[in-house]
There are 2 protein chains.
Amino acid sequence: MTITTAEENYLKAIFKIAEKEDKAVLTNSIAAAMNTAAASVTDMLKRLAEKQLIKYEKYRGVELTEDGNRLATTLIRKHRLWEVFLVEKLGFAWDEVHDLAEQLEHVQGEPLIDRLDNFLGHPRFDPHGDPIPDAQGRWTFRQQVRVSLLQPGEKGILTGVDDHATPFLQYLDQIGVALGIEIQLLDRTEYDQSVQVRISGKTEVTLSEKVAQNLLVIKG
Amino acid sequence: MTITTAEENYLKAIFKIAEKEDKAVLTNSIAAAMNTAAASVTDMLKRLAEKQLIKYEKYRGVELTEDGNRLATTLIRKHRLWEVFLVEKLGFAWDEVHDLAEQLEHVQGEPLIDRLDNFLGHPRFDPHGDPIPDAQGRWTFRQQVRVSLLQPGEKGILTGVDDHATPFLQYLDQIGVALGIEIQLLDRTEYDQSVQVRISGKTEVTLSEKVAQNLLVIKG
DNA sequence: AATAATTTTTAGATTAACCTAAAAATTATT
DNA sequence: AATAATTTTTAGGTTAATCTAAAAATTATT
Ligand SMILES: [Mn+2]
Ligand SMILES: [Mn+2]
Ligand SMILES: [Mn+2]
Ligand SMILES: [Mn+2]
């Protein structure tokens with residue numbers, strides 16, 4: 001049984017939606033995530049169910065089977081390892097790698113990804129701070145908190161971003177925010193919930209609530 | 001106008017056939033090279049002609065246009081650069097990389113291949129000794145000769161192999177033949193045209209005519 | 001509970017890339 | 001030149017992946 005690129009992409013989308021909300025994943029959420037018509041999703045769900053990669057009940061939504069989960073996890077592993085390669089080895093910026101990784105993740109061949117992992121030194125996080133499951137599909141969890149939830153005086157190390165879109169990442173570059181830096185919350189403006197923060201113990205900048213919500217730190 | 005993976009593969013096949021024989025490339029040669037039915041080739045030729053990537057005259061065969069030639073050249077460049085990456089960086093053997101490169105060559109994105117080329121140090125030849133066209137599509141030519149055509153006493157440096165199949169490459173590994181080694185022809189047996197050669201000034205082995213025909217050296 | 005709104009599925013098409021079998025064109029042989 | 005053999009194209013189908021529009025099922029509201 002062979003699995004297509006389209007099928008892989010659906011499995012990944014289902015995995016990511018299920019990650020957030022723990023109910024069954026509905027047709028429309030998938031359609032939204034994949035930018036396809038709901039009818040196309042129904043079509044694909046039938047095929048995936050046929051291949052035992054999801055459990056599908058008409059009108060009730062879907063759930064990944066163990067096989068489906070394993071495939072989705074591997075795909076995410078591949079995507080994130082390629083992103084590390086593109087940034088660490090080829091020198092791409094963190095806002096430039098997603099679309100390339102979307103293609104590279106579908107290249108088939110187990111030895112390839114194992115050797116790539118080895119070449120990169122078994123990285124546990126990708127350039128956006130997202131965890132990379134290991135060859136056995138195990139995840140690394142971290143206790144992260146949004147900058148928007150810090151109390152004045154509290155600080156943390158930036159370990160992730162929630163929004164991966166180019167304009168956001170380039171904005172962060174511009175104000176000197178990168179993974180690994182220290183962010184201290186100085187003050188919060190009640191009116192719009194914007195926050196003043198100190199970056200790396202030096203620069204002070206104001207971040208909108210939206211920006212602060214997309215920055216994830218480990219406190220301390 | 002977007003180009004599909006299948007289209008790219010046809011262009012490459014046409015390029016490679018045209019490389020050997022200088023007449024127009026016929027439907028059946030393409031069908032043989034691609035392992036598809038002749039009718040499928042005709043189908044594709046119409047599409048490629050529609051896109052101005054080939055000049056196609058019914059029953060008369062095809063020729064690449066300038067656009068088609070450029071795309072085929074780029075595809076070969078990508079294929080061979082990825083092969084260098086897989087061998088040099090990931091440690092694959094030279095007989096293991098072709099199928100992976102067949103997939104990787106279709107990953108879209110100009111900056112990717114330029115950065116990869118740079119990362120690899122602008123290699124001019126792939127792991128099988130085949131030339132890698134540069135970013136402008138220029139080829140490096142070398143004056144190579146088959147070991148089967150050497151005179152007794154003559155020697156050369158192995159710079160290429162004509163057959164890329166795994167069994168052949170593994171056989172070469174086994175007898176200690178690799179790119180860059182010196183091969184000296186000691187004697188030829190008239191009966192079956194097999195040759196005795198000295199490898200790296202040390203080992204002596206007998207090569208069948210078929211093997212000797214697939215080894216390319218630069219004399220001297 | 002009946003009706004309205006929303007979500008999901010079905011029905012029917014389309015496109016790329018393949019296929020087999022039959023027809024047409026070209027090339028080789030008598 | 002006529003016939004036979006070969007090559008190529010056309011005709012007609014299939015499958016995966018998409019779409020729009022209509023029908024059916026579920027959920028929300030009166
Ligand atoms: Mn990504
Ligand atoms: Mn990422
Ligand atoms: Mn190859
Ligand atoms: Mn090669």
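All values reported here derive from a predicted model rather than from experimental measurement.

What counts and what doesn't
- Counting restarts for each chain, with residues numbered from 1 along the sequence as it is written.
- Here the convention is simple: chains get letters from A, ligands get numbers from 1, in the order in which they are written.
- Reporting of local features is limited, given that this is a predicted model, to residues whose pLDDT is at least 70; pairs of side-chain atoms are given and counted only at 80 or more, and all residues count toward the totals for whole chains, interfaces and linings.
- Side-chain metrics rest on all non-hydrogen atoms present in the structure, leaving aside hydrogens and water.
- Bear in mind that the domain bounds are from an automatic or database domain assignment.
- Every residue pair with non-hydrogen atoms within 4.5 Å of one another is taken to be in contact.
- A 1.4 Å probe defines the accessible area here, and the buried area is the portion of it lost by two parts on being joined, summed over both.
- Just to be clear on terms, a salt bridge is a Lys or Arg side-chain nitrogen sitting within 4 Å of an Asp or Glu carboxyl oxygen.
- In protein, a polar contact requires one atom able to donate a hydrogen and another able to accept it; more generally it is a pair of N or O atoms within 3.5 Å, and residues adjacent in sequence count only if both atoms are side-chain atoms.
- Following the grouping adopted for this structure description, the nonpolar residues are Ala, Val, Leu, Ile, Met, Phe, Trp, Tyr, Cys and Pro, the charged ones are Asp, Glu, Lys and Arg, and the polar ones are all others, Gly among them.
- Listed donors are limited to N, O and S atoms within 2.8 Å of the metal, widened to 3.2 Å for Na, K and Ca; water is not among them, so incomplete-looking sites are possible.
- Strands are runs of DSSP state E lasting at least two residues, helices are runs of H or I lasting at least four, and both sets are numbered from the N terminus onward.
- Two strands are counted as paired when DSSP detects at least two bridges linking them.
- Under this scheme, a helix contributes an axis fitted over its contacting stretch, all axes are lines through C-alpha atoms, and angles between N-to-C directions fall in the 0 to 180 degree range.
- Summary of the distance rule: residues count as near a molecule or strand when at least one heavy atom falls within 4 Å of that molecule or strand.
- To line up the copies, we fit them by least squares on C-alpha atoms, keeping just the residues with pLDDT of at least 70 in both.

J.: What should I look at first to understand the domain arrangement of chain A in this one?
T.: By convention, interface size is frequently given as the accessible area that disappears when the constituent parts associate. Residue and element names in this part refer to chain A. Once the domains are mapped, chain A shows domain 1 (5-64), domain 2 (74-141) and domain 3 (145-219). Once you take the C-alpha centre of each, domain 1 and domain 2 turn out to be 24 Å apart. Across the contact, six residues belong to domain 1 and nine residues belong to domain 2. Both faces considered, domain 1 and domain 2 share a buried interface measuring about 630 Å² in area, 54% of it formed by carbon and sulfur atoms. Broken down residue by residue, the surface that domain 1 buries against domain 2 is led by Glu8, Lys12 and Phe15, which jointly contribute 69%. Put simply, domain 1 and domain 2 have two salt bridges between them. One salt bridge in this structure joins Glu102 and Lys12, with 2.9 Å as the shortest N-O distance. Linking domain 1 with domain 2 are five residue pairs in polar contact (both at pLDDT 80 or more). For the side of domain 1 that touches domain 2, the residue count by class is one nonpolar, two polar and three charged.

J.: Hey, could you run me through the coordination of the manganese ion (ligand 4) in this one?
T.: Coordination angles at a metal have ideal targets, namely 109.5 degrees for four tetrahedral donors and 90 or 180 degrees for six octahedral donors. All names here are of chain B. Within the protein, Glu83 (OE), Asp126 (OD) and His128 (ND1) serve as the donor atoms for the manganese ion (ligand 4), at 2.1 to 2.3 Å. In primary sequence terms, the donor set of the manganese ion (ligand 4) follows E-x42-D-x1-H. Taken as an interatomic distance, the gap from the manganese ion (ligand 4) to the manganese ion (ligand 3) is 3.5 Å; Glu83 donates to each of them. On the criterion of sequence distance, the pair formed by Glu83 in helix H4 (residues 66-89) and Asp126 in the loop between helix H6 (110-119) and strand S3 (145-146) is long-range, its members being 43 residues apart.

J.: I keep staring at the coordination of the manganese ion (ligand 3) and nothing clicks. Help me out?
T.: The protein atoms donating to the manganese ion (ligand 3) are His79 of chain B (NE2), Glu83 of chain B (OE) and His98 of chain B (ND1), with metal-donor distances spanning 2.0 to 2.2 Å. As a motif over one chain, the donors of the manganese ion (ligand 3) read H-x3-E-x14-H.

J.: I would appreciate a short explanation of the interface of chain B and chain A in the present structure.
T.: Facing 19 residues of chain B, the contacting portion of chain A comprises 19 residues. Summed over both partners, the interface of chain B with chain A buries about 1600 Å², with 74% contributed by carbon and sulfur atoms. Taken together, the connections running from chain B to chain A amount to six residue pairs in polar contact (both at pLDDT 80 or more). Mapped by element, the contributors of at least two residues to the side of chain B that touches chain A are H4, helix H5 (98-104) and H6 of chain B. With five residues, the single largest contributor to the side of chain B that touches chain A is H6 of chain B.

J.: Help me understand the sheet that holds strand S6 (residues 195-199) of chain A, please; the structure alone is not making it clear to me.
T.: Across a sheet, paired strands are connected by hydrogen bonds in the backbone, their directions being either parallel or antiparallel. Residues and elements named next belong to chain A. Strand order in this open sheet of six strands is S3-S8-S4-S5-S6-S7, and the pairing throughout is antiparallel. This sheet does not close on itself; its edge strands, each paired only once, are strand S3 (145-146) and strand S7 (204-207). Here five bridges tie strand S4 (residues 155-161) to strand S8 (residues 215-219), and the two strands are oriented antiparallel to one another. Pairing of Ile157 across the sheet is with Ile218, part of S8. Of the strands in this sheet, S4, S7 and S8 are in contact with helix H7 (residues 166-174), which crosses S4 at around 145°.

J.: Even after reading the chapter, I still don't get the pairing of strand S8 (residues 215-219) of chain B, so can you show me in this structure?
T.: Each regular strand shows side chains that alternate between the opposite faces of the sheet. Strand direction decides the pairing type here: S3 of chain B and S8 of chain B, joined by two bridges, are antiparallel. Residue pairing in the sheet places Val145 of chain B in a bridge with Val217 of chain B of S8 of chain B.

J.: Sorry if this is basic, but what is going on with the protein's contact with DNA strand C here?
T.: The local shell around DNA strand C holds 24 residues, among which Tyr56 and Lys58 of chain A together with Thr4, Ser40 and Arg47 of chain B are the closest. Within 4 Å of the protein, the atoms of DNA strand C are drawn from sugar and phosphate moieties in a proportion of 76%. One of the backbone N or O atoms of Asn28 of chain A is found 2.9 Å from a phosphate oxygen in DNA strand C. Here the surface near DNA strand C is built from residues that sort into 11 nonpolar, seven polar and six charged.

J.: Mind showing me how you'd approach the relation of the copies chain B and chain A here?
T.: When chain B is brought onto chain A, the operation consists of a screw motion whose angular component is 180° and whose axial shift is 0.0 Å, with 0.1 Å RMSD remaining. The operation mapping one copy onto its partner corresponds to a two-fold rotation axis. Looking at the rotation axis and the C-alpha trace of chain B, the residue lying nearest is Leu104 of chain B, at 3.7 Å. Looking at chain B, 100% of its interface residues are interface residues in chain A too, so the copies touch through the same face.

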